[in-house]
Structure formats: structure tokens, C-alpha cells
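Residue strings, one per chain:
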Amino acid sequence: MFKLLHKCGCSCGIRRPLRPGQYSTISEVALQPGRGTVSHPSKAAERVVGRWLLVCSGTVAGAVILGGVTRLTESGLSMVDWHLIKGMKPPTSQEEWEAEFQKYQQFPEFKILNHDMTLAEFKFIWYMEYSHRMWGRLVGLAYILPAVYFWRKGWLTHGLKGRVLALCGLVCFQGLLGWYMVKSGLEEKPDSHDIPRVSQYRLAAHLGSALVLYCASLWTSLSLLLPQHKLPETRQLLRLRRFARGTAGLVFLTALSGAFVAGLDAGLVYNSFPKMGESWIPEDLFTFSPLLRNVFENPTTVQFDHRILGITSVAAITALYFLSRRIPLPRRTKIAAVTLLALAYTQVGLGISTLLMYVPTPVAATHQSGSLAVLSVALWLMNELRRVPK
């Protein structure tokens with residue numbers, strides 16, 4: 001084996017073997033842990049972290065889609081308590097299932113809506129909610145365990161450490177917010193005979209925080225995995241970049257408004273398009289007082305707003321596409337722009353179909369998934385257009 005040598009420091013010029021703990025250059029010291037010198041993760045480490053966050057964003061997308069199906073099948077209130085560890089074990093015997101069913105029978109959804117439900121039917125909705133909760137735990141593990149590993153390996157830059165901490169904190173907050181949402185549908189309302197449902201405000205908060213988690217994870221992963229384009233900072237590019245940001249924000253708002261549509265079952269109010277019933281603007285658009293309540297609590301207004309936001313989003317994406325064609329852009333950026341346009345019109349078609357067919361679960365679930373797809377590609381296009389740091 002070769003021995004490491006260093007100059008002895010005198011005029012003889014003889015190179016002597018290194019003693020244990022002795023380093024020949026400052027760069028070698030920087031590579032040693034605990035020496036107080038900051039070292040940056042390698043490109044290979046950055047790509048591993050980027051792939052990890054891409055997988056994490058995929059698990060969040062899965063949770064959002066599964067949560068939408070849980071809502072569409074009216075399964076979200078089947079589990080009436082929440083335990084982080086104990087809740088991971090499903091009932092296995094007939095006695096345990098009977099006990100679980102009896103707990104469900106004490107709450108408003110069974111008394112008002114499902115009073116003739118059989119045990120077999122209860123098992124279906126229970127397993128739907130159970131799968132959503134277990135997937136949520138999987139999302140938490142997918143974030144937290146690798147984050148600890150990468151942190152200890154020194155693969156996270158100073159900026160990434162803060163972002164990863166925020167993402168892990170948001171995952172934990174998301175779980176608590178989910179149970180806070182479910183509790184709103186389990187509360188007794190003695191003077192009300194309405195169909196029990198969770199608060200649309202809490203549902204929107206739950207979905208909104210999931211979308212923030214998804215967008216932050218996806219943006220960070222794309223920034224680590226995709227090499228930046230060195231685009232000339234022209235006035236046209238600056239305008240396109242600002243327009244892309246505004247369009248992505250509009251897509252996010254449209255997806256979030258879908259939570260109010262789902263929470264109020266507003267998709268079942270006017271099942272016609274392009275008109276709402278016999279008119280363009282329905283008469284019961286502003287029946288609640290004060291006026292602002294209609295935006296969040298009137299099913300007619302909520303559906304009307306979702307329609308307007310959806311149409312505006314498609315118009316903005318179309319304009320963004322034609323703006324992008326006027327600028328010489330890299331091939332990958334052009335692919336992102338045309339993909340966004342195609343997905344936007346597909347999403348509109350799914351939304352109209354969901355409405356006209358009275359919200360069938362497969363079509364509605366595909367429509368909800370489509371909103372994530374449009375948001376993802378809008379973020380991809382934004383990432384393609386981001387400014388190269390000096």
C-alpha cells in the first residue's frame with residue numbers, strides 16, 4: 001500500500017509518513033466531521049435528496065386522491081376516534097367489528113343518514129377511512145425517517161435543512177388538522193336534521209395544507225433534479241415568468257375552491273352547463289346574509305365561483321401558452337407549456353362531465369386528481385423559467 005507523505009517543514013525537503021490525525025491539505029480537513037469547516041453536499045447527494053422529495057410529493061398526491069375518494073364515498077366519519085399507534089390495528093374478530101359498529105351508531109351520521117346500514121356496508125366505509133389514515137402515517141414516515149438520515153450524513157445544505165424541517169412540521173400538523181376536521185362531522189346538533197358532514201372550512205384548511213406541502217416538496221425536488229436554463233433576461237421573459245406565477249396561483253386557488261364544493265355537496269345543485277339551470281346567473285346566488293357568507297356557505301355561490309375560477313384558469317393557461325410561443329425557449333420548457341395546455345382542457349372536460357353526470361365517484365375522483373396534475377405541470381413550467389442565481 002502507498003503511504004501518505006508530507007514535507008517535514010525543514011530545509012531537507014524529505015517527505016515523511018503522516019501521523020494519525022494529521023492532514024496534508026486544508027481540503028482534507030474540510031472533509032472531516034467536527035472540524036468546524038463547512039462542506040457542501042456533492043451533486044450526487046443533491047440528486048438523492050431531490051429524488052426523495054419527489055417520492056414524498058408523490059405520497060402526498062396519493063393522500064389527496066385517496067382523501068377525495070373517501071369523501072366521495074362518504075366514508076370519512078366511519079372511524080369515530082383517533083389513536084396514533086392503537087389506531088393502526090384494524091378489527092379482526094366478529095366481536096371487535098360489532099363493537100366498532102356500535103361506536104359508529106352513537107353518532108349523527110348513522111342516526112340521520114345510515115340508520116339502515118348493515119355491518120358489511122359499514123366495513124366498506126371503515127376500510128376506506130382506515131386506508132386514508134394509514135396512508136397518512138406512511139407519508140409521515142416517508143418524510144421524517146429519510147430526513148434524519150440525510151441530516152446525519154451531511155447531505156442537506158443550510159437552506160435545505162430549514163426547508164426540510166418545515167416540511168416535516170407541516171406533515172405532523174396535517175395529521176392533527178385531519179382529525180380536527182373529522183371531529184366537526186361527529187358533533188351533535190340537536191336542532192338540525194341536515195346530513196352530517198365535516199365543516200367545509202376545516203376541509204379546505206386540510207386540503208390547503210396538503211397542497212402547500214405537495215407544492216413545496218415538488219418545487220424543491222425539481223430545483224435539485226433539473227438543471228437550470230441560462231435564459232437571457234429579456235423583458236418578454238420577465239413578463240412570461242410573472243404570468244406563469246400568477247397562473248400557478250390561480251390554479252392553486254381553483255383546486256382549493258373544490259374543497260368548498262365537496263364540503264357542501266355543491267356539485268349536486270345545478271347539474272347543467274354552461275348555464276346554471278335556465279339562467280347564466282342563478283337567482284339564489286346571494287340569498288345568505290351577510291353577503292360574504294354566500295362565498296363559503298351557499299352551495300349555489302360555491303359552485304358558481306368554482307366554475308368561474310376554472311374557466312379563468314383555462315383562459316390564463318391558454319394565454320400563457322401563446323405567450324411562450326413568442327419567445328425562443330428550450331425544448332423541455334416548451335414541453336411543459338404544451339402539457340399544461342393539454343391537461344387544462346382535459347380537466348375542464350372532466351369537470352363538466354362530473355357535473356352533468358351528477359358526480360359519479362370514478363369521474364369525480366379523476367377530476368380531483370386532474371387538479372393535482374394541472375398544478376404539478378404549472379409548477380414545472382414555473383421551475384423551468386426560474387432565474388439563474390448570480
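As the structure is a prediction and not an experimental result, all values here were calculated from the model. (Residues numbered from 1 in each chain as written. Predicted model: local features only at pLDDT ≥ 70, side-chain atom pairs only at ≥ 80, totals over all residues. Heavy atoms only, no water.)

### Concerning the overall build of the protein chain
In terms of regular secondary structure, the protein chain is built from 12 helices and two strands. Going from N to C terminus, the protein chain has its helices and strands arranged as β-β-α-α-α-α-α-α-α-α-α-α-α-α. Buried positions account for 42% of the 390 residues belonging to the protein chain. At a minimum sequence separation of 6, the contacts of the protein chain that also span at least 24 residues come to 75%. (Helix = DSSP H or I, 4+ residues; strand = E, 2+ residues; numbered from the N terminus. Buried < 20%, exposed > 50% of the residue type's maximum accessible area, 1.4 Å probe, protein only. Contact = heavy atoms within 4.5 Å.)

### Comments concerning the packing of helix 5 (residues 119-153) against helix 6 (residues 158-186)
Packing of helix 5 against helix 6 leaves a shortest axis separation of 10 Å and a crossing angle of 160°. Judged by the inter-axis angle, helix 5 sits roughly antiparallel to helix 6. Remark: the crossing between helix 5 and helix 6 carries left-handed chirality. On helix 6, the residues touching Glu 129, Arg 133, Gly 140, Tyr 143, Ile 144, Ala 147 and Trp 151 of helix 5 are Lys 161, Val 164, Leu 165, Leu 167, Cys 168, Val 171, Cys 172, Trp 179 and Val 182. (Axes fitted to C-alpha atoms, helices over the stretch in contact; angles between N-to-C directions. Parallel < 35°, antiparallel > 145°, perpendicular 65-115°, else oblique. Left-handed = near helix turned anticlockwise from the far one by under 90°.)

### Considerations on the UniProt feature "transmembrane region" (unreviewed entry) in the protein chain
Here the UniProt feature "transmembrane region" (unreviewed entry) sits at residues 52-72, 134-152, 164-182, 202-226, 247-270, 306-323, 335-359 and 365-382. Spanning residues 164-182, this segment combines 100% helix with 0% strand, and its end C-alpha atoms are found 28 Å apart. Secondary structure content for residues 306-323 is 100% helix and 0% strand, while the C-alpha to C-alpha distance between its ends is 25 Å. (UniProt positions renumbered as here; feature names shortened; annotations may be inferred.)

### So, unusual backbone geometry
As a rule of thumb, non-glycine residues mostly have phi less than zero, and peptide bonds are mostly trans rather than cis. At the junction of Phe 273 and Pro 274, the peptide bond is cis and its omega measures out at 10° in the coordinates. Among the secondary structure elements, Pro 274 is positioned in the loop between helix 8 (235-263) and helix 9 (293-297). Cis geometry is found at the peptide bond from Ser 289 to Pro 290, where omega equals 0°. Within the element layout of this structure, Pro 290 appears in the loop between helix 8 and helix 9.

### A closer look at the packing of helix 10 (residues 299-325) against helix 11 (residues 331-356)
When two helices pack together, their arrangement is given by the angle between their axes and by how far apart the axes lie. Viewed as axis vectors pointing N to C, helix 10 and helix 11 meet at an angle of 160°, and their least axial separation amounts to 9 Å. With respect to each other, helix 10 and helix 11 are oriented roughly antiparallel. Between helix 10 and helix 11 lies a crossing whose hand is left-handed. Facing Gln 303, Arg 307, Val 314, Ile 317, Thr 318, Leu 320, Tyr 321 and Ser 324 of helix 10, the residues of helix 11 in contact are Ala 337, Val 338, Leu 340, Leu 341, Ala 344, Tyr 345, Val 348 and Leu 355. Its residues assigned to classes, the contact of helix 10 with helix 11 shows 12 nonpolar, three polar and one charged. (Nonpolar A, V, L, I, M, F, W, Y, C, P; charged D, E, K, R; others polar.)

### Some points on the packing of aromatic side chains
Two aromatic rings, taken as a pair, are described by how far apart their centres are and by the angle between their planes. The final tally for this structure, using the stated rule, is 18 aromatic pairs. Between Trp 97 and Phe 122 the ring centres are 6.4 Å apart and the planes differ by 85°, which places this aromatic pair in the edge-to-face class. Separated by 25 residues along the polypeptide, Trp 97 in helix 3 (residues 94-104) and Phe 122 in helix 5 bring together distant segments of the chain. Taking relative accessible area as the criterion, Trp 97 reaches 5% and is therefore assigned buried. On the basis of relative accessibility, which here comes to 0%, the residue Phe 122 falls in the buried class. With centroids separated by 5.6 Å and ring planes inclined at 20°, the aromatic side chains of Phe 150 and Trp 155 adopt a geometry described as stacked. For Phe 150, a relative accessible area of 7% gives the class buried. Among the aromatic residues, those joined into a ring-pair cluster are Trp 97, Phe 101, Tyr 104, Phe 110, Phe 122, Trp 126, Tyr 127 and Tyr 130. (Phe/Tyr/Trp six-rings, centres within 6.5 Å; stacked < 30°, edge-to-face > 60°.)

### So, a positive patch on the surface
A cluster of like positive charges, contributed by Arg 235, Arg 239, Arg 242, Arg 245 and Arg 326, occupies part of the molecular surface. Structurally, Arg 235 can be placed in helix 8. Here Arg 235 falls in the exposed class, since its relative accessible area comes to 70%. (Patch = residues over 30% accessible without salt bridge, like charges linked within 9 Å, V, L, I, M, F, W, Y side chains within 5 Å. Areas by Shrake-Rupley, 256 points an atom, 1.4 Å probe, with all protein chains shown as cover. Salt bridge = Lys/Arg side-chain N within 4 Å of Asp/Glu carboxyl O. Lys, Arg positive; Asp, Glu negative; His and termini not counted. Charge placed at Lys NZ, Arg CZ, Asp CG, Glu CD.)

### Brief notes about the environment of Lys 153
Turning to its location among the elements, Lys 153 is positioned in helix 5. Taking the relative accessible area as the measure of exposure, Lys 153 reaches 44% and is therefore partly exposed. With 108 residues separating them along the chain, Lys 153 and Ala 45 place their C-alpha atoms 9.6 Å apart.

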